Each structure stands twice: as C-alpha cells, then as structure tokens.
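Working through the structure, step by step
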Amino acid sequence: MAKFFPDEFVDEVKQRNEISSVIASYFPLKRAGRNFKALCPFHNEKTPSFHVNVEKQIFHCFGCGKGGNVYTFVREMDRLSFPEAVEQLAQRAGVPLPERTGPVRHTAQTEDKAILYRANEWACEIFQEALASDTGEKARRYLKERGISAESIKKFRIGYAPDAWDTLTRRLSGKEKHLPALKRAGLILERQQEGAGPLTPGSYYDRFRNRVVFPILDVQDRVVGFGARSLDGSEPKYLNSPETPVFNKRRQLYALPFARNAARQTKRLVLAEGYTDVIMAHQHGFGDFVATLGTALTPEHIVTARRYADEIIVLYDGDEAGRNAANRSVELFVEGEMPARFAPLPSGEDPCSLLVNRGTAALEQILATALGPVEFLLAPSAQLEGEDTEKKAGRIDSIIALLARVPNPVRRELWVGELAELARIGEASIRERLAALTRATRPRPVAGNDQTADERKLKALDAHTLEVALKAPHLRDRILASGLLDGLHDPQVAQLCREMAQSEPVDISQWITRIDHPALVDLVVRLSEQTIDEADYEKALDGCIRQMQSERATRETAALNEQLAQADAAGDETRQLELLREIHRVNDFKSRSLHG
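Everything quoted here is computed from the prediction, not taken from an experiment.

Definitions and cut-offs
- Here the residue numbers are simple positions, counted from 1 along each chain's written sequence.
- Side-chain atom pairs in this predicted model are given and counted only at pLDDT of 80 or more, local residue features only at pLDDT of at least 70, and totals for whole chains, interfaces and linings cover all residues.
- The side-chain figures draw on all heavy atoms in the structure; neither hydrogens nor water molecules are used.
- Helical segments are the DSSP runs of H or I of at least four residues, strand segments are the runs of E of at least two, and each set is numbered from the N terminus.
- Under the scheme applied here, a residue whose accessible area is under 20% of the maximum for its type counts as buried, over 50% as exposed, and between as partly exposed, the area being computed with a 1.4 Å probe on protein chains only.
- Within 3.5 Å is the distance limit for a polar contact, defined as a pair of N or O atoms, with the added protein rule that one can donate a hydrogen and the other accept it, and that residues adjacent in sequence qualify only through two side-chain atoms.
- It only takes one pair of heavy atoms within 4.5 Å for two residues to be counted as in contact.
- Ring pairs are drawn from Phe, Tyr and Trp, using the six-membered ring of Trp, whenever the two centres fall within 6.5 Å, and their geometry is named by plane angle: stacked under 30 degrees, edge-to-face over 60, tilted for the rest.
- The criterion for a charge sitting over a ring is simple: Lys NZ or Arg CZ within 6 Å of the ring centre, and within 35 degrees of the ring normal.
- The pairing criterion is simple: DSSP has to find at least two bridges between the two strands.
- Note on definitions: angles span 0 to 180 degrees between N-to-C directions of axes, and those axes are lines fitted to C-alpha atoms, for helices only across the stretch in contact.
- Salt bridge, as applied in this entry: a Lys or Arg side-chain nitrogen positioned within 4 Å of an Asp or Glu carboxyl oxygen.

With respect to the side chain of Arg 157
Mapping Arg 157 onto the fold places it in the loop between helix H7 (150-155) and strand E6 (159-161). Taking relative accessible area as the criterion, Arg 157 reaches 18% and is therefore assigned buried. A polar contact of 3.3 Å, which involves the side chain of Arg 157, links it to the side chain of Gln 128. Beyond its immediate stretch of four places on either side in the chain, Arg 157 contacts Glu 121, Cys 124, Glu 125, Gln 128, Ser 152, Val 213, Pro 215 and Val 223.

Shown next as structure tokens:
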C-alpha cells in the first residue's frame, strides 16, 4: 500500500476511533455480550450476522464474509480510498493532519469527494441566505402555504435559488478556481460557446433557478445534493442534482439522518413521495418518514432501509398511478426480505395536505390499518368478489408466482395460509401451483462455475498457512525455513506471511490496516474469529508442509510424464528409463510426505 501518512499517525487515528462508536453512527447496533451485532449493510439478510468485536476492534459478517477494521468499514460504506478514510476519521476524532508522505499526483483523486462536500455546503449556505433575504419572499410564501414552520425550515436547511442565471457564479468573483468544483457537483452548467477560451463566471449558468431548494444530507450530515421545486410552473416540477461520487439517487433516502433516530423507537420507516410530505410529517411528530429522491423505489433503497428499521410502511396516492407504483414495489420488498405494509391515502390528498386538513389522528389511522402484501394485492377486488373466473385466477396466479420467490419458507407458508383464507381457495391447490412455479423458476447451475477439488485444496492450504502465521508467531520462522510459502496459491497471502515473520508482533486490527486487498482482509478477519487450540498449531503447520510437498510432487510428476511421452515418441529408451526412475522417486517422496 502506498503510504500517504506516517504509520504512527494512521495507528493513532485508528485508536482514537472506537469501532463500535463509528459503526453506530451509520446504523443501530445491538448489544451481544461484550460485543455488538446488526443486520449486515453489505448484503440482504433477515437475521443479524454482522458482528463487531470490541476487543479486537474488528467487524465480521458471518453471512457474506465481509470483515475488517474501522478503516475497512468506512471505506466500504462511503466508497473512499484509504487516504480519504484516514482523513475522514482524523477529522471525526479531531486529530490534525500531518504532511502526506505519498506522491502528490494522487491528491486530486483522494480529495475529490471532500471538494464536492465543500461545494455543496457552500451552495446550501447561499440558498439559505437567499430564502431569508428580500428575494426569497415568494419562496417563503410557498412554504407558509404548505404549512412548513420556521423551525422545520431551519432543521431541514431549506433554501431558495433566486430567479437569476448567476447567483452562484457571481459570488465567485475573483475565485474562478472554484468553478470546476461547482460544475463537478452539478450546481452550475457550462454554456455552449464557439471556440475555446478561459473559464470565467460568464461561461457558466446556475442549474437551480427560481426554485425552493431542499438539501439532501447523508447519514454523516453532509450535504450531498439538492432537490429543487419550481415556483413558476416550469418543468420539471422537481429537479435534482445529477449523480456524483457522493450522490446516488438509487440508494439515498431524503431525511434519513433525522428519521433513523425515530426508527430506533418505532422499528419502522414510512416511505412517502415528496420532500414537503416528509417535512410536514416530521413537523407533526412522525419522525420516521423518508422519501426517495424523485425516483422509483430500488433494491438499493431497501438495503439502506434495512439498516435502520424492521419494516417499511408505503404511503401511496389513492389514484391508479399511485397504486401501480405501490404494486411494483411489492416484488422488491419480497426479494429483499423486507417486511412491508401498504397504506392508501384518500383521493386528492398527500401526507402534507392530510395533516393540514385533517390532523395527526387521520394519518395515525391510515398507518395503523396498513395492509400486508397479500391482502394489499387482493384489496382492489374486495377479496375477488364479483370478478369473473379468468380475472380471479389470473390475479391469484400472479400472487402465487410472487410467493414462489419468497426466500424465507416460514413466511411463504404463512402467506399461503393468508391467501387461501382471503381468496377462499384450498391451501392444497395453492401449494400445488406454488410447487410447479417454484420448479419452473429454480435457477439451473451454470457450467464451469464450481471450483475443482484441486483449487479448493490450494485455497485451503493458503488459509491454513495464514492462520498459523497469524495466531502462532513462534512458528513463523519455521514457516519461512520450510519453503511452504513458495508453494502457496496466492502470492498476496505468501507476501503477508513473510511480512508477519519479519515484523514485530502487532494486533489483528493493525495487520488489516497494512493490507490493500479487500478479499484478503475478509480472510484475515474470518481466520481471526476461528479458534484452534494452541497445541494444534504445530500439527496444523506439519499438515500444511506435507500438503505443499504433495502438491509440488504432483506438479513435478506431471512434468516428468510429459517428458516421458516425448522420449517415447522419439524412441529414446535410455531417456525413458531415467524418467521412470525419477517418477518413482518423486512418487515415493509424495507417499512419505502424505503419511508423515
């Protein structure tokens, strides 16, 4: 790994950022003895298999195998380079940054996200100022008409983009060097001009104009983008920031930094459609409301939501478009194993207008009577009463097809019973159709995907050798002297074992910091969580050496057999006899190696 900071500084930052505290700032952790557990943020799961080991200062998911220390976690969650992770955690702990020791050419890459955060924060402050100024009167009137309070405006950092082409660029007079950062963040657009000339404020215009601006914050309370509503009827009605390295509409949820705390209490998130709906809900005490960012629900949104809530309630408009959108989301919830319920809003109402016109009791009633997936899918037909036979069969068949994709067999059985009761059909008929659909949709194995037995043996040899090197420092010299490392499958594992043998003992969390290969980090963490009796380390090493010698003999025998075939083709009997004697010697050595 290229060094950008001194090792002592990297270790100090790691020590100043206790891993459970850092992870808990992203999503809730549950106490499990002296350690913690949670639903894994790196894959879909129902039962928590993500564990945080406080003593070792590492995390490990027993489901997907992902693991590492606090640097690994931050890099994976925020998609950072190693230097960026060090900087972020140093800032969190209040540790001043030293001069970097790495190449300067890497600076632009590692600071890109930090520049985007600064650009968005700067623009957010300007939009807030504009809302409070004389030019923001129209925007303030709109917010007041929607019932949004001054406290909510401050809390959600709502602003106003004035009806001008150069609100942002004008503020950069004399600071043109910052123009590329604003362009990268999607805050300004470049004018189409003939000929190439210097970049000046006049070369750009603002993306957001005459719009109420809703900043979008990540769970670290950083401004990552904006949603902006038109005030003059221009299209699109809502305009979002473009995708950037810090802004991803497919996985980010509006108001999540505020809603995650409430979700710890309610165990749910309520999914609304718009920014003002969410703000008004929070204003009325419904602190677990979130919204997608002008996009349909995605699997990534569900992965994000699972970190904070046990279920989602989907609020949808009572019209056909709202119901169709809710219908499409059912499949995502089923495949993502995210419990969900569905609640229709009265015709012509959204959560914001409902709260203003009818009060909190009306919304509480709607949420309390939300339907589960099966009942929701049947609801339009009032339990199928009055539908003709073909429509009835088609609707039920589509639900059974959805049940065939439910990963959890217990939930699938419960839904079979619910469907039978609501549709007034025998469970046996549903199970028969379900079995047929399950067979039809079962994925077939792809040829060539399975590892060969030899490949598995080689990878096992690497893992066993690394485990001995990791947990038995007194045997590292013997590992070096045996030649075992030259026979390993993965040169990265071999190099790590050599470094361990030639270094002073350090803890597992420090070793992880030195590894720049995610798969190897996962392996080291998994091995560190396994236990072998200390008396068995030497026996394990003996087994590794014997396996290495056997594999080497097998490769040598194959090469000799190839030479024997060539000698036979050439009619060289003398060479054939020499090779046969050598093959016998190698096989005899291999036999003795295998049997100790």
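Some words on the packing of aromatic side chains
For the structure on display, the rule yields 23 aromatic pairs. A centroid spacing of 6.2 Å and a plane angle of 65° characterise the contact between Phe 208 and Phe 226, whose relative ring orientation is edge-to-face. Pair noted here: Phe 208 is in the loop between strand E8 (204-206) and strand E9 (211-217) and Phe 226 is in strand E10 (residues 223-230), with a separation of 18 residues, a long-range link. In this pair, the class of Phe 208 matches that of Phe 226, namely buried. Where Phe 342 meets Phe 376, the ring centres are 4.5 Å apart and the plane angle is 15°; that geometry is what we call stacked. On the criterion of sequence distance, the pair formed by Phe 342 in strand E15 (residues 340-344) and Phe 376 in helix H16 (residues 373-378) is long-range, its members being 34 residues apart. Grouping aromatic residues by their ring pairs yields a cluster made of Tyr 26, Phe 27, Phe 42, Phe 50, Phe 59 and Phe 73. The side chain of Arg 209 reaches across the aromatic face of Trp 165, ending 4.0 Å from its centre. Seen from the ring of Phe 376, Arg 323 lies directly overhead, with NZ or CZ sitting 4.2 Å from the centre.

Here's the deal with the sheet that holds strand E11 (residues 238-240)
Spatially, the four strands line up as an open sheet ordered E6-E9-E10-E11, and their pairing is antiparallel. If you trace the sheet from one side to the other, it starts and ends with E6 and E11, each paired once. Averaged over all neighbouring strand pairs, the angle between strand axes comes to 35°, with direction disregarded. Examined bridge by bridge, E9 and E10 share seven bridges and lie antiparallel to one another. Looking at E10, one finds that Val 213 is bridged to Ala 228. Most of the contacts of helix H11 (residues 275-283) go to E9, to which it runs at about 70°, and overall it touches E9, E10 and E11.

Observations regarding the pattern of salt bridges
For the coordinates displayed, the defined rule picks out 20 salt bridges. Across the pair Arg 250 and Glu 300 runs a salt bridge, and its minimum N-O distance is 3.0 Å. Here Glu 300 lies in helix H12 (residues 299-306) and Arg 250 lies in the loop between E11 and helix H10 (256-266), a separation of 50 residues in the sequence. A relative accessible area of 31% places Glu 300 in the partly exposed class. With its nearest N and O atoms 2.7 Å apart, the salt bridge here joins Arg 268 to Asp 288. Here Arg 268 is found in strand E12 (residues 268-272), whereas its partner Asp 288 is found in the loop between H11 and strand E13 (289-291), with 20 residues between them in sequence. You can call Arg 268 buried: its relative accessible area is 17%. Overall, the relative accessible area of 2% leaves Asp 288 in the buried class.

Topic: the pairing of strand E14 (residues 311-316)
Taking burial as the measure, the six residues of E14 include six buried ones, the bulk of the element. The side-chain alternation of E14 yields two buried faces, one formed by Glu 311, Ile 313 and Leu 315 and the other by Ile 312, Val 314 and Tyr 316. Relative to E14, E12 runs parallel, the two being bridged by four bridges. When the sheet's bridge partners are listed, Arg 268 is paired in E14 with Glu 311. Pairing analysis gives five bridges linking E14 to E15, with the strands arranged parallel. When the bridges of E15 are listed, Ile 313 appears paired with Arg 341.

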